[in-house]
Amino acid sequence: MISKDMATRMSNQLNMELYSAYFYLALSSRAETGSLKGISDWFMAKHFEEQAHAMKIYHYLKDQDVDIQLQAITAPPAEEMSVLQMLEATLEHEREVTKAINDLVDHALTEKDHATNIFLQWFVTEQIEEEATVGEILGRLRLFGDKPEGLLMIDNELGVMAATLAQAGAAGPSIG
Ligand code: FEO
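Notes on the structure follow. (Residues numbered from 1 in each chain as written. Predicted model: local features only at pLDDT ≥ 70, side-chain atom pairs only at ≥ 80, totals over all residues. Heavy atoms only, no water.)

1. Observations regarding the overall build of the chain
Here is step 1: Tallying secondary structure elements over the chain gives 5 helices and 0 strands in all.
Here is step 2: Secondary structure elements of the chain, listed N to C terminal, follow the sequence α-α-α-α-α.
Here is step 3: The C-alpha atoms of the chain give a radius of gyration of 17 Å, which matches the 16 Å a tight globule of 176 residues would have.
Here is step 4: Judged by the C-alpha coordinates and their principal axes, the chain covers about 55 × 30 × 30 Å.
Here is step 5: Of the contacts made within the chain by residues no fewer than 6 positions apart, 82% connect residues no fewer than 24 positions apart.
Here is step 6: Accessible surface, the chain as shown: approximately 9,200 Å² in total, 57% of it carbon and sulfur. (Helix = DSSP H or I, 4+ residues; strand = E, 2+ residues; numbered from the N terminus. Rg over C-alpha atoms; globule rule 2.2 N^0.38 Å. Contact = heavy atoms within 4.5 Å. Areas by Shrake-Rupley, 256 points an atom, 1.4 Å probe, with all protein chains shown as cover.)

Shown next as structure tokens:
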């Protein structure tokens, strides 16, 4: 069984992953309202991915016999955002998640908690991929600003990416 302190920190991460899911659901909704179906589907795929991350942590904690105390999930930002702002907010958020995961690894190493350290390595790798993907999309979007031709190109691309994720079964049951 892991320490009480480690369990609390991991429970906080579970909450952060659920917030991430909630955050991307809000962005998916906003994109759909703006008639950007591909971008909406991509954020929906991210919503399901974050749910899966949360459940990975949940099952790990249950396997470690932790009595999880679930906490309230913060509401996502409600203000209007351009697509560029949505992607910028996404990258900023993923960087915060990366920092939180790194802090958890640091703590696991301090405690010599090898099981939690090994468990967290999947998340370390996942964060590299997530930041890289968002950074690449953002880079291309910045070339266009929020001009319609750029938005349509990104909308098409993200729609294809979301469909691929859905086919792979990684994007949850209700894409499309
Ligand atoms: Fe689960 Fe995107 O961090």
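2. Let's talk about a nonpolar patch on the surface
Here is step 1: A cluster of nonpolar residues, Tyr 22, Leu 25 and Ile 73, forms a patch on the protein surface that exposes about 240 Å² of accessible area.
Here is step 2: With respect to the helices and strands, the residue Ile 73 is situated in the loop between α2 (37-63) and α3 (83-110). (Patch = residues over 30% accessible without salt bridge, like charges linked within 9 Å, V, L, I, M, F, W, Y side chains within 5 Å. Salt bridge = Lys/Arg side-chain N within 4 Å of Asp/Glu carboxyl O.)

3. Section: the side chain of Ser 40
Here is step 1: Looking at the secondary structure, you find Ser 40 in helix α2.
Here is step 2: Judged by relative accessible area, Ser 40 falls into the buried class, the value being 1%.
Here is step 3: Beyond its immediate chain neighbours, meaning those up to four positions away, Ser 40 contacts Ser 28, Ala 31 and Glu 32. (Buried < 20%, exposed > 50% of the residue type's maximum accessible area, 1.4 Å probe, protein only.)

4. Notes on the side chain of Asp 155
Here is step 1: Structurally, Asp 155 is set in helix α5 (residues 148-167).
Here is step 2: Within the structure, the side chain of Asp 155 is placed 3.5 Å from the backbone nitrogen of Lys 37, a separation counted as a polar contact.
Here is step 3: Look past the residues within four positions of Asp 155 in its chain and what remains in contact with it is Leu 36, Lys 37, Gly 38 and Ile 39. (Polar contact = N/O pair within 3.5 Å; in protein donor to acceptor, adjacent residues only side chain to side chain.)

5. Side note on the packing of aromatic side chains
Here is step 1: Scanning all chains against the criterion turns up 7 aromatic pairs.
Here is step 2: Each ring, one from Phe 23 and one from Tyr 24, has its centre 5.2 Å from the other, and the planes form 50°; the classification is tilted. Residues Phe 23 and Tyr 24 agree in their burial class; the two are buried.
Here is step 3: Relative to Phe 123, the ring of Phe 119 lies with its centre 5.5 Å away and its plane at 50°, an arrangement referred to as tilted. Of this pair, Phe 119 and Phe 123 are both found in helix α4 (residues 114-144), 4 residues apart, which corresponds to roughly one turn of the helix. Taken as a pair, Phe 119 and Phe 123 share a single burial class, namely buried.
Here is step 4: Through a chain of ring-to-ring contacts, three or more aromatic side chains come together here, namely Tyr 19, Phe 23, Tyr 24, Trp 42 and Phe 43. (Phe/Tyr/Trp six-rings, centres within 6.5 Å; stacked < 30°, edge-to-face > 60°.)

6. Some remarks on α5
Here is step 1: Over its 20 residues, α5 extends 28 Å from the first C-alpha to the last, a length consistent with the 28 Å expected when each residue adds 1.5 Å.
Here is step 2: Residues of α5 that are buried include every one of Gly 150, Leu 151, Ile 154, Asp 155, Leu 158, Gly 159 and Ala 162, and no others. Burial along α5 is one-sided: seen end-on, the buried residues are contained in an arc of 160°. In α5, the exposed positions that point more than 90 degrees away from the buried face belong to Leu 152, Asn 156, Val 160 and Gln 167.
Here is step 3: Residues of α5 that are buried sit in contact with α2, α3 and α4. (Expected span 1.5 Å × (residues − 1). Arc of directions from axis to C-beta.)

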